[in-house]
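# Overview (structure and organization)
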Amino acid sequence: MAAPASFAGRVHGLAPGLATACAIALAATVLRNATGIAALNPVVLALAIGMAVRAMLGASPTLRPGIAFAVRPLLRAAIVLLGLGVTLGQLLDLGIGALALAVAVVACTLPFTIWLGGRLGVDQPLAQLIGAGTAICGASAIVAANQVARGRDEDVTYALAVITLCGTAAMLAYPALAAPLGLDARAYGLWAGASVHEVVQAVGAAAAGGPQSGTVMKLARVVLLAPAVAALGLWAGRGGGTKAPVPWFALGFLALVALRSTGLVPDILVDASRTLVPLMLATSVAALGLSTALGALRARGAAPLLLGVASTLFIALLGLAGVKVLEAL
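Okay, so let's go over this structure. (Residues numbered from 1 in each chain as written. Predicted model: local features only at pLDDT ≥ 70, side-chain atom pairs only at ≥ 80, totals over all residues. Heavy atoms only, no water.)

## Re the overall build of the protein chain
Just so we agree on the cut-off: Where helices and strands are cited, they refer to DSSP runs of H or I of at least four residues and of E of at least two residues respectively, numbered from the N terminus. Only heavy atoms matter for contacts: two residues are in contact if any of them lie within 4.5 Å across the pair. Here the open area of atoms and residues is found with the Shrake-Rupley method and a 1.4 Å probe, where only the protein chains shown may cover a residue.
Secondary structure summary: the protein chain contains 16 helices and zero strands in total. Across the protein chain, contacts joining residues at least 24 apart in sequence account for 80% of those joining residues at least 6 apart. For the protein chain, the accessible area works out to roughly 14,300 Å², and carbon and sulfur atoms hold 72% of it.

## Notes on the nonpolar core
As a reminder, the rule being used: Within this scheme, the nonpolar core is defined by two criteria: the residues are buried Ala, Val, Leu, Ile, Met, Phe, Trp, Tyr or Cys, and they are joined through side-chain atoms within 4.5 Å. Partly exposed describes any residue whose relative accessible area lies between the buried limit of under 20% and the exposed limit of over 50%, with all areas from a 1.4 Å probe on protein chains only and scaled to the type maximum.
Ranked by internal contacts, the top residues of the largest apolar core, which has 99 residues, are Leu94, Ile136, Tyr174 and Met217. Element by element, the count of residues in this core is highest for helix 8 (residues 153-177), at 10 residues.

## Considering the packing of helix 6 (residues 124-137) against helix 7 (residues 139-149)
Just so we agree on the cut-off: For helices, the fitted axis covers only the stretch in contact; all axes are lines through C-alpha atoms, and the angles between them, taken along N-to-C directions, range from 0 to 180 degrees. Angles below 35 degrees are treated as roughly parallel, those above 145 as roughly antiparallel, those between 65 and 115 as roughly perpendicular, and all remaining angles as oblique. For any helix crossing, the convention is left-handed if the near helix is rotated counterclockwise from the far helix by under a right angle, and right-handed if that rotation is clockwise. Here the term charged refers only to Asp, Glu, Lys and Arg, the term nonpolar to Ala, Val, Leu, Ile, Met, Phe, Trp, Tyr, Cys and Pro, and the term polar to all other amino acids, Gly among them.
Interaxial distance between helix 6 and helix 7 falls to 8 Å at its minimum, and their mutual angle equals 140 degrees. Between helix 6 and helix 7, the angle is such that the two are oblique. Crossing angle aside, the handedness with which helix 6 passes helix 7 is right-handed. Packed against helix 6, whose contacting residues are Pro125, Gln128, Leu129, Ala132, Gly133, Ile136 and Cys137, the element helix 7 presents Ala139, Ser140, Ala141, Ile142, Ala145, Asn146 and Ala149 at the interface. For the contact of helix 6 with helix 7, a count of residues per class yields 10 nonpolar, four polar and no charged.

## Quick word on helix 13 (residues 248-261)
Note the following rule: Take the residue count of a helix, subtract one, and multiply by 1.5 Å to get its expected span. What the arc measures is the spread of directions leading from the helix axis to the C-beta atoms.
Here helix 13 is 14 residues long and its end C-alpha atoms lie 20 Å apart, about the 20 Å a rise of 1.5 Å per residue gives. Taken together, the buried positions of helix 13 are occupied by Phe249, Ala250, Gly252, Phe253, Leu256, Val257 and Arg260. Burial along helix 13 is one-sided: seen end-on, the buried residues are contained in an arc of 155 degrees.

## Some words on the side chain of His197
Definition in use: Pairs of N or O atoms within 3.5 Å make up the polar contacts considered here, provided that, within protein, one atom can donate a hydrogen while the other can accept it, and that residues adjacent in sequence are counted only when both atoms are side-chain atoms.
Within the secondary structure, His197 sits in the loop between helix 9 (185-195) and helix 10 (199-206). Given a relative accessible area of 0%, His197 falls into the buried group. Side-chain polar atoms of His197 contact the side chain of Thr312, separated by 2.9 Å. Ignoring any residue separated from it by four or fewer positions in sequence, one finds His197 in contact with Gly133, Thr134, Ile136, Cys137, Gly138, Ile163, Cys166, Gly167, Lys218, Arg221, Thr312 and Ile315.

If you want it as structure tokens, here you go:
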């Protein structure tokens, strides 16, 4: 009888914080749907609402266990389920050149951002998170990367704010640049998919031309989430005898990509994951907001924002150069 009692006690302890974070995530999703603004990310809204609740009510010991559960196990489960949104066939349709460009922008942008962060005096975990968000897929990459970067809650919050601002600016600016840069529909879509941060931002930017190529190119970067997080784990564990965290959730992500590619996964499960995963991510980020004090963010200064802008310009120029090379081949 002890085991069921212990389980019930654990559920009772998790319930207040987990329910609060989930309610915030639902509210953010409803707000996004009510506005009709597709590019308004419910994950970012959940963060803002969570921080507002924390500012009004302060830290609550009652919420702490559920918040911790949302930030770790729930988040990792969401990242694994992300794998159901991609198939290997979609990626191969892009062609070898476009896939090589996706690898190049991730492989170059992430270390560049970490390097520049060191020059600007940005703490390494925060620089790693900004780099992951820029190089891979925005908010999802930031919260996944922090499982190995082990930054503070305010690092994640600041990185999310920076990436949201820079990615939104890119989404608005890219359509106006397509004609001056001489990009046809497919090339423009590849550029947007290769360099805009969030999936929804990349799709929004690509809508002006070549949306299909933009979406699939972006998914190619999403698939690189797993190896990039593994590499960050090795980076975090280098020197000093520190053991590198093993990103089992990243391996689970790749396993579900492979499983989805077999065609054995029913469409109803894929559709369910597309609804469930954003809600799970929003719940995890809402929990981060509930545990983040605004004063800790102000103490970071402007250097991380400057890093985010520089990293955004770097990936935009690198992606553009890569697309021009592909056009010339």
